[in-house]
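Structural overview
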Amino acid sequence: MPKRESRNVRTQLIHEARRLIEAEGLADATLRAIAREVGITPMASYRHFADGRRELLAVVATVVFTELTSILERRTGDDPLETLLEMSLRYVQFGVERPHLYRALFNVELADPLAFHDTWEEEGTITPVSAQHYRDLDRVKLNAFVVIVAALRHAQNEHLLDTGDVEEYGLALAALLHGLVGEFIDEGLYRRASTQRPWSGERKKMSRRVVQLLIAGFAHEGRGNRLASR
């Protein structure tokens, strides 16, 4: 297969994998279904992703995490605490509006590849290209967390947050945001009010309040009361 045609097939596989995941969910995005949409056999897809569906999923997740990071990086104003709050709400909105895709980002299928790709590459269990795909995903997942920590550090540098461990604050905030998305898309919190618009006013209001309370707990001296009362 010519190199240009091979690249085109690879791009189509990534596109169709994402489309199927977003429309139908991860369970229906089988390698067979993805390959069928592209017009190749499932075995032919291994020429592009030697480690199979999980490698293809890792590439899709890398693209989506990169998009999420760009959304989180948007500046909304000069107030570091308000910027932190708005960034947090954008994270929850991203997950609520793309539930199947969000679940795929944190799917257990990727847990072992992210943890053991270096060992597997050394053992010859996966190819260097496959290992690089998992390495890329590991990097962009970290980048998303770095953006959250950077916003917290900026607020801390402005003496708006306490002088605690900013990475611990970041872990707490990331866990809260992930939990909120899960409550909305898996537990169906405010489902009745959100059938037409997943990121409903009720969900946004709850998210804002919960994030405000958490950030207020990090806040320096009287700043916590100011944020919690907004």
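In short, a report on the structure. Remember, predicted model here, so these are calculated numbers, not experimental data.

About the criteria used
- Residues numbered from 1 in each chain as written.
- Predicted model: local features only at pLDDT ≥ 70, side-chain atom pairs only at ≥ 80, totals over all residues.
- Heavy atoms only, no water.
- 1 Å grid on protein atoms, 1.4 Å probe; cavity = no way out; pocket = protein on both sides within 12 Å on 5 of 7 lines; lining within 4 Å.
- Points joined across faces, edges and corners; volume = space filled by probe spheres on them.
- Helix = DSSP H or I, 4+ residues; strand = E, 2+ residues; numbered from the N terminus.
- Phe/Tyr/Trp six-rings, centres within 6.5 Å; stacked < 30°, edge-to-face > 60°.
- Axes fitted to C-alpha atoms, helices over the stretch in contact; angles between N-to-C directions.
- Parallel < 35°, antiparallel > 145°, perpendicular 65-115°, else oblique.
- Left-handed = near helix turned anticlockwise from the far one by under 90°.
- Contact = heavy atoms within 4.5 Å.
- Nonpolar A, V, L, I, M, F, W, Y, C, P; charged D, E, K, R; others polar.
- Buried < 20%, exposed > 50% of the residue type's maximum accessible area, 1.4 Å probe, protein only.
- Lys, Arg positive; Asp, Glu negative; His and termini not counted.
- Salt bridge = Lys/Arg side-chain N within 4 Å of Asp/Glu carboxyl O.

As for empty space enclosed by the protein
- Scanning all chains against the criterion turns up one cavity of 30 Å³ or more.
- Empty space within the largest cavity amounts to approximately 40 Å³.
- What lines the largest cavity is simply Ala17, Ile21, Leu26, Ala29, Ile34, Arg53, Leu56 and Leu57.
- If you list the elements that add at least two residues to the lining of the largest cavity, you get α1 (3-24) and α4 (53-72).

A few points about the packing of aromatic side chains
- Summed over all chains, the structure comprises five aromatic pairs.
- Ring centres 5.0 Å apart and planes at 50° place the aromatic pair Tyr102 and Phe106 in the tilted group.
- Put simply, the rings of Phe65, Tyr91, Tyr102 and Phe106 pair up and form one aromatic cluster.

Overview of the packing of helix α5 (residues 80-97) against helix α8 (residues 128-157)
- The interhelical angle for the contact between α5 and α8, taken along N-to-C directions, is 160°, at an axis separation of 8 Å. Considered as vectors, α5 and α8 are oriented roughly antiparallel to each other. Between α5 and α8 the crossing geometry is left-handed. Along its contact with α5, which presents Pro80, Leu81, Leu84 and Met87, the element α8 presents Val147, Ile148, Ala151, Leu152, His154 and Ala155.
- For the contact of α5 with α8, a count of residues per class yields nine nonpolar, one polar and no charged.

Digging into the side chain of Glu55
- Within the secondary structure layout, Glu55 lies in helix α4.
- Of the buried charged residues, Glu55 lacks a salt bridge, with Arg10 as the closest side chain of opposite charge at 6.6 Å.
- The contacts of Glu55, once residues within four sequence positions are left out, are His48, Phe49, Ala50, Val129, Ser130, His133 and Tyr134.

Re the packing of α8 against helix α9 (residues 166-185)
- α9 packs onto α8 with a crossing angle of 125° between their chain directions and a minimal axis gap of 9 Å. Between α8 and α9, the interaxial angle falls into the category oblique. Crossing hand, α8 versus α9: right-handed. Listed contacts from α9 to Phe145, Ile148, Val149, Leu152, Arg153 and Gln156 of α8 are Val166, Glu167, Tyr169, Gly170, Leu171, Leu173 and Ala174.

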